[in-house]
There are 2 protein chains.
Amino acid sequence: MPRGRSVLAHLRESRPSLLHAVDPFKVPLPEVVAKATALHELGFPGVLLASTDWDNFEDVVGRCVEEIHRAAPDFPVLLHFPPRAGVGLPCVNAADGMLCPFLLRSTDPYFVWRSYVETVRRFGEVQPQPELIDLAALTFGTDERSRSVLAVEPVVPSESSADQLLHVMQILDLHGAYLYSRYEAVPLEICRRFRAKMSRDQVLFVSGGVRTAEQANAFFDVGADFVVFCGALECHDWRERLQVLVEGSRVAQRPPSLRTHERSRSAGYA
Amino acid sequence: MPRGRSVLAHLRESRPSLLHAVDPFKVPLPEVVAKATALHELGFPGVLLASTDWDNFEDVVGRCVEEIHRAAPDFPVLLHFPPRAGVGLPCVNAADGMLCPFLLRSTDPYFVWRSYVETVRRFGEVQPQPELIDLAALTFGTDERSRSVLAVEPVVPSESSADQLLHVMQILDLHGAYLYSRYEAVPLEICRRFRAKMSRDQVLFVSGGVRTAEQANAFFDVGADFVVFCGALECHDWRERLQVLVEGSRVAQRPPSLRTHERSRSAGYA
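Note that the coordinates shown come from a computational prediction; the quantities given were computed from them, not determined experimentally.

Colleague: Hey, could you go over the pattern of salt bridges for me, with residue numbers and the actual values?
Modeller: Residues and elements named next belong to chain A. This structure, assessed with the given rule, holds 38 salt bridges over all chains. Residue arginine 70 is joined to glutamate 67 by a salt bridge in which the shortest nitrogen-to-oxygen separation is 3.4 Å. Within this pair, arginine 70 and its partner glutamate 67 are both found in helix H3 (residues 57-71), separated by three residues, close to a single helical turn. Its relative accessible area of 56% is what places arginine 70 among the exposed residues. Taking relative accessible area as the criterion, glutamate 67 reaches 22% and is therefore assigned partly exposed. Sharing partners across several salt bridges, the network here consists of Glu159, Asp163, Arg193 and Lys197.

Now the structure itself:
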């Protein structure tokens, strides 16, 4: 991604695409960097660093971002971590973007939106900051972990409840939605409805339990912009698995060398 | 109000009550101060400084707040002004509170909530700041002025549209609602529905076109916590008119000397 470019604009132009989220609190630093480099070479639009747990954030994540940028300059690094009261969203300024979760189904307004305000208050007017990408973050299926950490209730998978959430997303003019299921799967029909009702400018992420290209393809078929896999690469043969996922995906990743020539094609989406 | 006390808690305990909004860009400073002093003596819980227009904000409003505080120490001064892009909500730190409008019916997300984020970003972590009181701000009746300045559409006065807005208020956990009609009147049934569906902790302001005690009483009867009058005192005989309004109101204002003894009665509300 050229320097100075908006990460959100870059994501819009890069869709549809697979994405990989690495947990820097689980995966050793050299492996994080090797994975980011591999993703870059395969034409992924960026790498997510993500975890429900975090500690000693600036040291761990700061080093990750620095090392990834050294190995793959201009490859966007996006942070995706839950906020904590008193801190807000954890952040390192060298990151290119932050996916900011608006947990519209949390019973605690801190996680709905006040954490975002706390984050921005702590930033003040200091620059540079990572670009903030504001996403309705919605979970599907029983998830005691999200409930205990973020007071989140899963979405009732019905049209009317989806529509209510979409209405809130429109009022707040969020940049997109991140649909997630920790132990089950995001319902395809819900994904389809979100894509149908969201504006073209809004980006739709789907995540949770994706381990095969077939699963990813099913989400692409109903309109997901980004299908995120995480644990699927937490193994020794991650290079082979990544290759299988990319080759089986109906969505062609675009290696960086082809990006410029193919931009017109991807721009046709928006 | 004792120093260090939360303005919101003070408002909750002071309801129901009349309130007066003075426009410091229209009313000369000595009259603003005289009015604030009169309101204080009559037992009002505070004074609003409010205007759709503003300019040279810090000088004009800063002096008002300073002079009111000198004349009536500990009498809360609340700011209520629309934000402007690049500035956020205009603010002077000496003010006790700010009514922050979340214009849920604006088609411009800046006025829905992003202006609030901009305001807080500009604050950074600097203290003291006025207490922020987050209110769903909703307009009723044709209002070209609000449309042109704030891209606001009036509320469709139906139960279902009220309920949709109440749903958003609950998700965001706003501190209350400010219902306003510039040229007509807030529908009584809408006011009743908001009070019925809002939590006890949330405060309900009604404003616009209130010139008589009968009008105010009608709003109190359907559950308004605060009935705000503005233009009703923009005249030379404002002292007499204020007296008539207070005497005709079914809600007894509580002079400061009685406050302590009567607190138990008012606290019974919440």
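There's plenty left to go through after this.
Colleague: Could you give me a rundown of the environment of Phe102(B), with the residues and numbers involved?
Modeller: Structurally, Phe102(B) is set in strand S4 (residues 97-102). When its relative accessible area of 1% is taken as the criterion, Phe102(B) is described as buried. The spatial distance from the C-alpha of Phe102(B) to the C-alpha of Val7(B) is 19 Å, given a sequence separation of 95 residues. Not counting chain neighbours up to four residues away, the residues in contact with Phe102(B) comprise Trp113(A), Phe111(B), Val112(B), Trp113(B), Tyr116(B), Asp134(B), Leu135(B), Ala136(B), Ala137(B) and Leu174(B).

Colleague: Tell me about the side chain of His20(B), and name the residues and values.
Modeller: Residues and elements named next belong to chain B. The residue histidine 20 is located in strand S1 (residues 17-22) in this model. At 2.7 Å, the side chain of histidine 20 and the backbone oxygen of phenylalanine 229 are in polar contact. Contacts of histidine 20, omitting those with residues within four sequence positions, involve Lys35, Leu39, Phe44, Val47, Leu48, Phe229, Cys230 and Leu233.

Colleague: Provide a residue-level description of the packing of helix H2 (residues 29-41) of chain A against H3(A), including the pertinent values.
Modeller: Residues and elements named next belong to chain A. At their nearest, the axes of H2 and H3 sit 9 Å apart, and the two run at 40° to each other. The angle between H2 and H3 falls in the class oblique. In this structure, the crossing between H2 and H3 has a hand that is right-handed. Facing H2, whose interface residues are Leu29, Val32, Val33, Ala36 and Thr37, H3 presents Arg63, Cys64, Glu67, Ile68 and Ala71. Here the residues of the contact of H2 with H3 sort into seven nonpolar, one polar and two charged.

Calculation notes
Residues numbered from 1 in each chain as written. Chains lettered and ligands numbered in written order. Predicted model: local features only at pLDDT ≥ 70, side-chain atom pairs only at ≥ 80, totals over all residues. Heavy atoms only, no water. Salt bridge = Lys/Arg side-chain N within 4 Å of Asp/Glu carboxyl O. Helix = DSSP H or I, 4+ residues; strand = E, 2+ residues; numbered from the N terminus. Buried < 20%, exposed > 50% of the residue type's maximum accessible area, 1.4 Å probe, protein only. Contact = heavy atoms within 4.5 Å. Polar contact = N/O pair within 3.5 Å; in protein donor to acceptor, adjacent residues only side chain to side chain. Axes fitted to C-alpha atoms, helices over the stretch in contact; angles between N-to-C directions. Parallel < 35°, antiparallel > 145°, perpendicular 65-115°, else oblique. Left-handed = near helix turned anticlockwise from the far one by under 90°. Nonpolar A, V, L, I, M, F, W, Y, C, P; charged D, E, K, R; others polar.

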